[in-house]
Amino acid sequence: MLDLERRATRSHLWDFCERVGIAPVLATLYWHTKLGLHLWSATVSIGDHTATFATDTRTEYQRVNSLVGELPVIEALLTDVRESDVVFDIGANIGTHTCFVGKSLESGRVIAFEPMPMNAARLRHNLSANLPASKWEVAEFALSNEDGSGTLAVKGQRYGEGKHSLSSDGELKIDVFRGETLIEEDRYPAPDILKIDVEGAELQVLKGFGERLSDVRVIYVELHHDLSVEYGTSTAEIETYLRDHGFEIDRLNDRTDAYHIRALNSAHD
């Protein structure tokens, strides 16, 4: 009963602060104090691995500590990573998946693809704080089904904030490559694992690997119902494409807007 009364009192106080216009100032002060007390960083453990991430903003701090609700996905991914694997993290953002993948590697490497310059800078910082340079590389461009240039729609200007996606009329000009091109030109070794989070453009990324998709052992993809439509496809079509290329699919979760799948190449059993 006492806890309920305290929560009610806090709620009334916050309502008062909002009415008099000081709530935003108090919220900013609170988060600056909280981030400062944590030395502008957050430490997260998954299994035997611990990683530390820079957190200059509330968005970053919450993203790192919540792992955007994807802890079960990362845990599943880590069970598939072998010490010598080459892993492509496509849509790496600030590296919450990448750092933990890298900690599971010995002789392998993780290549993190992140075309948003601000996120790519933070990604490099987080990787360098957690892993030796021999285990990782940041590729500051996008993957798709064509080589050339494109534009990125930018939503959110701070680290890890918003959703950034390939668009025909985006604000930021970027380079775009097919995965197959990068492999055939020996820019990167063929990946054993793909993790893909590209806000609806998943099918384009998969098609860009061409015949080299058969070399991939397992794929983790976040599929977006509405965002896929914006790219002229659907989550069902993406799943069909993977099955047609020899992958067996398991759903890892089932949200209303999006869901994750694990696609295992039956030829690698």
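Please refer to the structure higher up on the page.
Residues numbered from 1 in each chain as written. Predicted model: local features only at pLDDT ≥ 70, side-chain atom pairs only at ≥ 80, totals over all residues. Heavy atoms only, no water.

Draft legend 1. Here's a closer look at the packing of aromatic side chains. Taken as a whole and assessed by the stated rule, the structure comprises seven aromatic pairs. Ring pairing ties together the aromatic residues Phe88, Phe113, Phe141, Phe177, Tyr188 and Phe209, which thus form one cluster. For the cation-ring pair, arginine 187 lies above phenylalanine 177, with the distance from its terminal atom to the ring centre recorded as 4.8 Å. If you follow arginine 251 out to its NZ or CZ, it ends over the ring of tyrosine 259, 3.8 Å from the centre. (Phe/Tyr/Trp six-rings, centres within 6.5 Å; stacked < 30°, edge-to-face > 60°. Lys NZ or Arg CZ within 6 Å of the ring centre and 35° of its normal.)

Draft legend 2. Molecular detail of the side chain of threonine 98. Positionally, threonine 98 belongs in helix H5 (residues 96-103). The exposure class assigned to threonine 98 is buried, which follows from its relative accessible area of 0%. Side-chain polar atoms of threonine 98 contact the side chain of aspartate 89, separated by 2.6 Å. (Helix = DSSP H or I, 4+ residues; strand = E, 2+ residues; numbered from the N terminus. Buried < 20%, exposed > 50% of the residue type's maximum accessible area, 1.4 Å probe, protein only. Polar contact = N/O pair within 3.5 Å; in protein donor to acceptor, adjacent residues only side chain to side chain.)

Draft legend 3. Main features of the sheet that holds strand S3 (residues 86-90). Here we have seven strands laid out as an open sheet, ordered S5-S4-S3-S10-S11-S13-S12, and mixed in their pairing. Edge positions in the sheet fall to strand S5 (136-139) and strand S12 (247-251), since each of these pairs with one other strand and no more. Each adjacent strand pair in this sheet contributes to an overall mean axis angle of 20°, direction not counted. Examined bridge by bridge, strand S11 (residues 218-224) and strand S13 (residues 258-265) share seven bridges and lie antiparallel to one another. Residue pairing across strands places glutamate 222 opposite histidine 260, the latter belonging to S13. The sheet contacts of helix H6 (residues 117-130) involve strand S4 (109-113) and S5, and relative to S5 the element is tilted by about 180°. (Pairing = 2+ DSSP bridges. Axes fitted to C-alpha atoms, helices over the stretch in contact; angles between N-to-C directions. Contact = heavy atoms within 4.5 Å.)

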